[in-house]
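Remarks on the overall topology
Below are the chains, spelled out letter by letter.
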Amino acid sequence: MKRAIVLSACLALLLAGCGNKDNSSAPSSVGDMIGGAVDNAISSVDEGLERMNVRTGLGMSIDYDSSAAATTEKAGLVQANIASCALTIDNNGTIVAVVFDTAQSKVNFDAAGAITTDLSAGVQTKKELGDSYGLKAASGIGKEWYEQIAALEKWMTGKTVDEVLGMKVYEKDADHPRVPDEEDLKSSVTISIGPQLDALKKAYDSIK
């Protein structure tokens, strides 16, 4: 992306200069001028990225804790909760960018073991579901899941991975065993973030 911006700016400036009516001082080869400027721009961007020395990793945390057996009164459920993390860090282990998402893949079956879920239907992640995920009313702070996870991502950015993994958490109840206990997150994040921390660690382990 940085390369594209730099190259676009160079080309725009050069083409504007070539459109000047006074061509008396124009170089013998416009192509040579553009080529030289582009080469210089690419070299500068590459040197900057090399100095930054950033690394990106991916990690996932998967559990089936929400699954349940079928009974004569209620369908059974196999549910895979898949938390994913894309992490970019610098050479000091500081988080440059972090993105989380979670998919809840559910398959129901009856007491005879027959699958009752439409397996052709797609699965949307919690971010894709947006407001329709339905957490806002029950959150206690009036914020949907994607809003809370955005606040968590923002809070993590600029901290080291070790600092984030060592953050204070507490058990709210059996369904919320690792809720942030950091003062500057209490008004923005009430979800349990254990899966996110686990996925973050796996992403970090893949690149450190």
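Everything discussed here concerns the structure shown above.
This section reports on the structure supplied with the text.

What counts and what doesn't
Residues numbered from 1 in each chain as written. Predicted model: local features only at pLDDT ≥ 70, side-chain atom pairs only at ≥ 80, totals over all residues. Heavy atoms only, no water. Pairing = 2+ DSSP bridges. Helix = DSSP H or I, 4+ residues; strand = E, 2+ residues; numbered from the N terminus. Axes fitted to C-alpha atoms, helices over the stretch in contact; angles between N-to-C directions. Contact = heavy atoms within 4.5 Å. Patch = residues over 30% accessible without salt bridge, like charges linked within 9 Å, V, L, I, M, F, W, Y side chains within 5 Å. Areas by Shrake-Rupley, 256 points an atom, 1.4 Å probe, with all protein chains shown as cover. Salt bridge = Lys/Arg side-chain N within 4 Å of Asp/Glu carboxyl O. Buried < 20%, exposed > 50% of the residue type's maximum accessible area, 1.4 Å probe, protein only. Parallel < 35°, antiparallel > 145°, perpendicular 65-115°, else oblique. Left-handed = near helix turned anticlockwise from the far one by under 90°. Nonpolar A, V, L, I, M, F, W, Y, C, P; charged D, E, K, R; others polar. Core = buried A, V, L, I, M, F, W, Y, C linked by side-chain atoms within 4.5 Å. Expected span 1.5 Å × (residues − 1). Arc of directions from axis to C-beta.

Concerning the sheet that holds strand β1 (residues 55-63)
An order of β1-β2-β3 is seen for the 3 strands of this open sheet, with the pairing classed as antiparallel. The open sheet has two edge strands with one neighbour each: β1 and β3 (95-109). For this sheet, the mean angle separating the axes of adjacent strands, direction not counted, is 15°. For β1 and strand β2 (residues 76-89), the ladder comprises 9 bridges, and the chain directions are antiparallel. Bridge pairing links Gly59 to Cys85 in β2. Together, β1, β2 and β3 form the strand contacts of helix α6 (residues 194-205), whose direction differs from that of β1 by roughly 140°.

A word on a nonpolar patch on the surface
Judged by side-chain polarity, Met60, Ile62, Tyr64 and Val78 come together as a nonpolar surface patch covering roughly 390 Å² of accessible area. Inspection of the secondary structure assignment puts Val78 in strand β2. Taking relative accessible area as the criterion, Val78 reaches 40% and is therefore assigned partly exposed.

A closer look at the packing of helix α4 (residues 145-156) against α6
Running from N to C, α4 and α6 point in directions that differ by 45°, and their axes come no closer than 12 Å. With respect to α6, the axis of α4 lies oblique. Considering the relative orientation of α4 and α6, their crossing is right-handed. Between α4 and α6, the residues in contact are Trp145, Ile149, Leu152 and Met156 and Gln196, Leu197 and Leu200, respectively. Grouping the constituent residues of the contact of α4 with α6 by class yields 6 nonpolar, 1 polar and no charged.

Description of the nonpolar core
With 25 residues, the main nonpolar core has Leu87 and Met156 as its most contacted residues. Those elements giving two or more residues to this core turn out to be β2, β3, α4, α5 (161-165) and α6. Once residues within four sequence positions are removed from consideration, Met156 is found in contact with Ile95, Val98, Phe100, Val164, Leu197 and Leu200.

Considering the environment of Asp131
Examined against the element boundaries, Asp131 turns out to sit in the loop between α3 (126-129) and α4. Considering only alpha carbons, one finds Asp131 and Tyr146, 15 residues apart in sequence, at a separation of 8.1 Å.

Here we look at the pattern of salt bridges
The final tally for this structure, using the stated rule, is 5 salt bridges. Across the salt bridge formed by Lys186 and Asp181, the nearest N and O atoms sit 3.6 Å from each other. What makes Lys186 partly exposed here is its relative accessible area of 40%. By relative accessible area, which is 27% here, Asp181 ends up partly exposed. Across the salt bridge formed by Glu183 and Lys186, the nearest N and O atoms sit 3.4 Å from each other. Taking relative accessible area as the criterion, Glu183 reaches 61% and is therefore assigned exposed. Because the salt bridges share partners, they merge into one network encompassing Asp181, Glu183 and Lys186.

Here we look at α4
The end-to-end C-alpha separation of α4 is 17 Å, in line with the 16 Å expected for 12 residues at 1.5 Å each. Burial in α4 covers these residues: Trp145, Gln148, Ile149, Leu152, Glu153, Trp155 and Met156. Along the axis of α4, the buried positions cluster into a sector of 165°, meaning they face one direction only. Turning to α4, the residues buried within the fold contact β3, α3, α5 and α6. Count one or two residues on from α4 and you reach Gly158, which has phi positive near 95°.

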